[in-house]
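# A look at the structure
In case you want the letters, here they are:
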Amino acid sequence: MQHGNQNDLGLVAARPARNTTVDFLRAVSVLWIVGFWHPIGYSPIREVGKNAVTLMATVAALGLFVLLSGYLQGGRGRNLFDFYRRRFWRIYVPFVGASLIFLVMNIGDHLPLIKGVFLLAMLDEPAAVTLWFINMIMLFYLCAPALLWIKRRSLTLLLIVAAIILLGLLAADWFWERLDNRLIIYFPCFVAGIVLSGSAPPKAVWPVVLVAAIACVATLSAPIDGTDIVLLPWAVLASVSVFCLTTGRLDDLSDTATMWIERAAYASFFAYLLHRPVYRILEALSAAIGLDPLILIVALGVPTTAIAAYFLQKGYDRLLASARMA
């Protein structure tokens with residue numbers, strides 16, 4: 001059931017043409033962050049739950065989401081103005097709304113949130129907690145039309161340009177020392193998504209998986225955090241491996257399973273934007289009743305976030321459709 005193009009981070013209402021693999025991978029990657037990685041940080045067991053192995057899984061999940069964001073750009077045929085207009089309304093405006101909520105609720109420092117609204121936080125760290133990820137993807141979208149234009153002319157030229165950009169980011173980080181390393185880690189994932197778009201995944205996947213495994217073992221042997229550049233090979237190879245191994249394996253799912261996967265993917269963007277405020281409220285409630293915050297967050301926070309995200313996304317899509325803004 002390999003279908004046509006769908007929207008990127010901010011989805012419009014579900015269409016007949018969908019890509020179940022993309023929906024599934026996007027839902028799983030966001031669920032890992034919203035349902036495990038961030039909730040575990042509110043609990044005393046975070047010292048055990050947040051370790052090298054779960055960090056590597058988190059980097060793979062983030063890399064996969066970035067790869068999918070690049071992949072979904074590959075079939076775009078709209079003009080430049082339409083490209084940016086749609087992303088302004090579907091991604092930037094909800095991001096600004098989430099940033100305002102973070103400011104009001106004092107989730108993270110205020111200056112990084114303000115810089116993030118102007119898309120400067122990743123270029124002058126520290127970036128805002130959680131929202132750095134959306135900030136980063138929007139920066140990738142700014143250069144997406146140029147990368148797509150280059151790809152249509154020469155895939156080799158695209159790889160050369162991407163390598164030059166990556167070297168430029170490394171140089172900027174070396175001299176400026178204010179660049180957020182995660183731009184460097186995940187930019188190749190975005191490019192990989194563009195490269196994979198519009199064509200069948202490579203059949204010889206297992207060599208990539210083998211190299212990814214080697215990169216994983218090599219990375220685990222070094223003390224790292226989520227911003228260490230040494231994670232770059234793992235982020236790219238893991239995301240490419242998962243995407244290629246999954247493609248084509250979900251074609252025969254039942255209509256019911258496909259429907260729930262689509263709904264989960266549909267809600268993923270708003271779920272990412274909303275989950276921190278929901279968890280912060282539950283954290284305060286847990287402190288008041290003397291309960292481990294993880295219990296309330298998993299039992300109430302995750303499902304509440306998912307349901308609220310789905311209906312808010314649907315309402316926002318209807319608003320945009322009625323106003324003909326995207």
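See the structure shown above.
To keep things clear, this report deals only with the structure shown in the data block.

## Section: the overall build of the protein chain
The number of helices and strands found in the protein chain is twelve helices and zero strands. When its helices and strands are written in sequence order, the protein chain yields α-α-α-α-α-α-α-α-α-α-α-α. Relative to a compact globule of 326 residues, whose C-alpha radius of gyration would be 20 Å, the protein chain shows 19 Å and is just as compact. On the principal axes, the C-alpha backbone points of the protein chain span a range of 60 × 50 × 40 Å. Taken over 326 residues, the protein chain has a buried fraction of 50%.

## Focus on unusual backbone geometry
That bond from Glu125 to Pro126 is cis: its omega, 10 degrees, falls within 30 degrees of zero. Counting through the fold element by element, Pro126 comes out in the loop between α5 (110–117) and α6 (132–153). Backbone geometry places Asn106, a non-glycine residue, at a positive phi of 55 degrees. Tracing the chain through its elements places Asn106 in the loop between α4 (80–104) and α5. Of note, Glu177 is a non-glycine position whose phi angle comes to about 60 degrees, a positive value. You can see Glu177 is positioned in the loop between α7 (155–176) and α8 (181–196).

## A word on the nonpolar core
Grouped together as the largest cluster of nonpolar side chains are 96 residues, with contacts concentrated most on Val66, Phe133, Ile134, Met136, Tyr186 and Phe243. No other element matches α6, which puts 13 residues into this core. Those residues in contact with Val66 that lie beyond four places of it in its chain are Phe133, Met136, Ile137, Phe140, Tyr186, Cys189 and Phe190.

## Quick notes on the side chain of Arg276
Structurally, Arg276 can be placed in helix α11 (residues 255–289). Buried and without a salt bridge, Arg276 has Glu283 as its closest oppositely charged side chain, separated by 7.7 Å. Not counting residues up to four positions away in its chain, the partners in contact with Arg276 are His38, Tyr42, Phe102, Ile107, Val129 and Thr130.

## Some remarks on the packing of aromatic side chains
A full pass over the atoms with the stated rule returns 18 aromatic pairs. With 6.1 Å between their ring centres and 90 degrees between their planes, Tyr42 and Tyr279 make a pair best called edge-to-face. Of this pair, Tyr42 sits in the loop between α1 (20–40) and α2 (46–49) while Tyr279 is found in helix α11, placing the two residues 237 residues apart along the sequence. In this structure, Tyr42 and Tyr279 share a single accessibility class: buried. Arranged with centres 6.3 Å apart and planes meeting at 35 degrees, the rings of Trp132 and Tyr186 form a pair that is tilted.

## Remarks on α5
Within α5, the full set of buried residues consists of Pro112, Leu113, Lys115, Gly116 and Val117. Taken together, the buried residues of α5 touch α4 and α6.

## Quick notes on the side chain of Thr130
Within the fold, Thr130 resides in the loop between α5 and α6. Exposure remark for Thr130: the relative accessible area of 3% places this residue in the buried category. For Thr130, the residues in contact, after removing those within four places along its chain, are His38, Phe102, Tyr272, His275 and Arg276.

Rules used throughout
Residues numbered from 1 in each chain as written. Predicted model: local features only at pLDDT ≥ 70, side-chain atom pairs only at ≥ 80, totals over all residues. Heavy atoms only, no water. Helix = DSSP H or I, 4+ residues; strand = E, 2+ residues; numbered from the N terminus. Rg over C-alpha atoms; globule rule 2.2 N^0.38 Å. Buried < 20%, exposed > 50% of the residue type's maximum accessible area, 1.4 Å probe, protein only. Core = buried A, V, L, I, M, F, W, Y, C linked by side-chain atoms within 4.5 Å. Contact = heavy atoms within 4.5 Å. Lys, Arg positive; Asp, Glu negative; His and termini not counted. Salt bridge = Lys/Arg side-chain N within 4 Å of Asp/Glu carboxyl O. Phe/Tyr/Trp six-rings, centres within 6.5 Å; stacked < 30°, edge-to-face > 60°.

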